[in-house]
Amino acid sequence: MNTEALDLGEDKSLLLVDDDEAFLRRLAKAMEKRGFEVEMAGSVAAGQAIATARPPAYAVVDLRLEDGNGLDVVETLRARRPESRVVVLTGYGAIATAVAAVKIGATDYLAKPADATDVTNALLARTDELPPPPENPMSADRVRWEHIQRVYELCDRNVSETARRLSMHRRTLQRILAKRSPR
């Protein structure tokens with residue numbers, strides 16, 4: 001993608017909300033190179049404050065933040081600037097959360113790891129066309145591993161409870177949890 005030729009319109013303001021500081025800085029730098037005027041927030045409260053005071057034309061919001069749910073930032077932004085284009089990012093892709101994000105006004109929903117090109121394509125896609133498929137989608141093994149990790153965390157890292165909920169043998173689950181994440 002030619003980063004010089006992006007048509008961002010008059011207002012190039014972009015709000016990035018994520019509690020992963022390293023990821024936030026990398027994405028901000030990449031989006032600035034693409035012509036966006038970036039403001040960063042590391043929490044729901046900071047994101048809502050910026051969305052209220054200076055509602056941006058574009059926003060990229062992480063779904064799960066340390067102090068709450070990123071959808072609260074999306075709702076605040078939608079109330080202040082309904083025409084803004086919002087992409088919700090998450091490390092835990094699930095149909096229910098994607099539906100919830102779109103219902104409250106998100107333009108698109110991307111699973112991490114999403115790079116700046118994926119984010120830019122989602123932010124600038126016309127509403128009547130589907131965005132292109134990701135260039136580096138997660139492998140099926142990685143998606144399975146991410147799901148198991150999410151359920152494990154939701155069960156407070158209780159192996160027996162996680163195995164029961166996943167309908168899998170406890171020892172099998174322990175072997176999977178002991179391995180490194182697939183690529």
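Scope of this entry: the structure provided in the associated data block. (Residues numbered from 1 in each chain as written. Predicted model: local features only at pLDDT ≥ 70, side-chain atom pairs only at ≥ 80, totals over all residues. Heavy atoms only, no water.)

Brief notes about the packing of helix α2 (residues 44–53) against helix α3 (residues 71–80)
For the pair α2 and α3, interaxial distance at closest approach is 9 Å and the crossing angle is 5°. The pairing of α2 with α3 is recorded here as roughly parallel in orientation. Judged by residue contacts, V44, G47, Q48, A51 and T52 of α2 engage D72, V73, T76, L77 and R80 from α3. Class assignment of the residues belonging to the contact of α2 with α3 gives a composition of 4 nonpolar, 4 polar and 2 charged. (Axes fitted to C-alpha atoms, helices over the stretch in contact; angles between N-to-C directions. Helix = DSSP H or I, 4+ residues; strand = E, 2+ residues; numbered from the N terminus. Parallel < 35°, antiparallel > 145°, perpendicular 65-115°, else oblique. Contact = heavy atoms within 4.5 Å. Nonpolar A, V, L, I, M, F, W, Y, C, P; charged D, E, K, R; others polar.)

Here we look at the sheet that holds strand β1 (residues 13–17)
As summarised here, the arrangement of the 5 strands in space is β2-β1-β3-β6-β7, forming an open sheet in which the pairing is parallel. Of all the strands in the sheet, the pair left with one neighbour each is β2 (37–41) and β7 (108–111). For this sheet the average axis-to-axis angle between neighbouring strands, irrespective of direction, equals 20°. Here β1 pairs with strand β3 (residues 58–62) via 4 bridges, running parallel. Its bridge partner being in β3, L15 is matched across the sheet by A59. Relative to the sheet, α2 contacts β1 and β2, its axis offset from that of β2 by approximately 140°. Sitting on the sheet, helix α5 (residues 116–124) touches β1, β3, β6 (85–90) and β7, and the angle it makes with β6 is about 145°. (Pairing = 2+ DSSP bridges.)

Quick word on the nonpolar core
In a soluble, globular protein the nonpolar side chains are often hidden away together inside. Residues L14, L16, L27, M31, V60, V119 and L123 are the most contacted members of the largest nonpolar core, which totals 21 residues. Those elements that provide at least two residues to this core are β1, α1 (21–33), β3, β6 and α5. Here this core takes 6 residues from α1, the largest share from any one element. Among residues more than four places away in sequence, those in contact with V119 are L27, M31, V60, L89, L110 and A114. Grouped together as the second largest cluster of nonpolar side chains are 20 residues, A59, L63, V86 and A98 included. (Core = buried A, V, L, I, M, F, W, Y, C linked by side-chain atoms within 4.5 Å. Buried < 20%, exposed > 50% of the residue type's maximum accessible area, 1.4 Å probe, protein only.)

A look at the side chain of D62
By the element assignment, D62 lies in strand β3. Setting aside anything within four residues of it in sequence, one finds D62 in contact with V17, D18, D19, G70, L89, T90 and K112.

Let's talk about the pattern of salt bridges
As enumerated under the stated definition, the model contains 7 salt bridges in all. Residue E39 pairs with R54 through a salt bridge whose shortest N-O separation is 2.5 Å. Of this pair, E39 sits in strand β2 while R54 sits in the loop between α2 and β3, and the two are 15 residues apart along the sequence. Under the relative-accessibility criterion, E39 is labelled partly exposed at 28%. Judged by its relative accessible area of 45%, R54 is partly exposed. Of the charged contacts in the structure, one is a salt bridge between R157 and E153, with a shortest N-O distance of 2.4 Å. Relative accessible area serves as the criterion here: at 36%, E153 is assigned to the partly exposed category. (Salt bridge = Lys/Arg side-chain N within 4 Å of Asp/Glu carboxyl O.)

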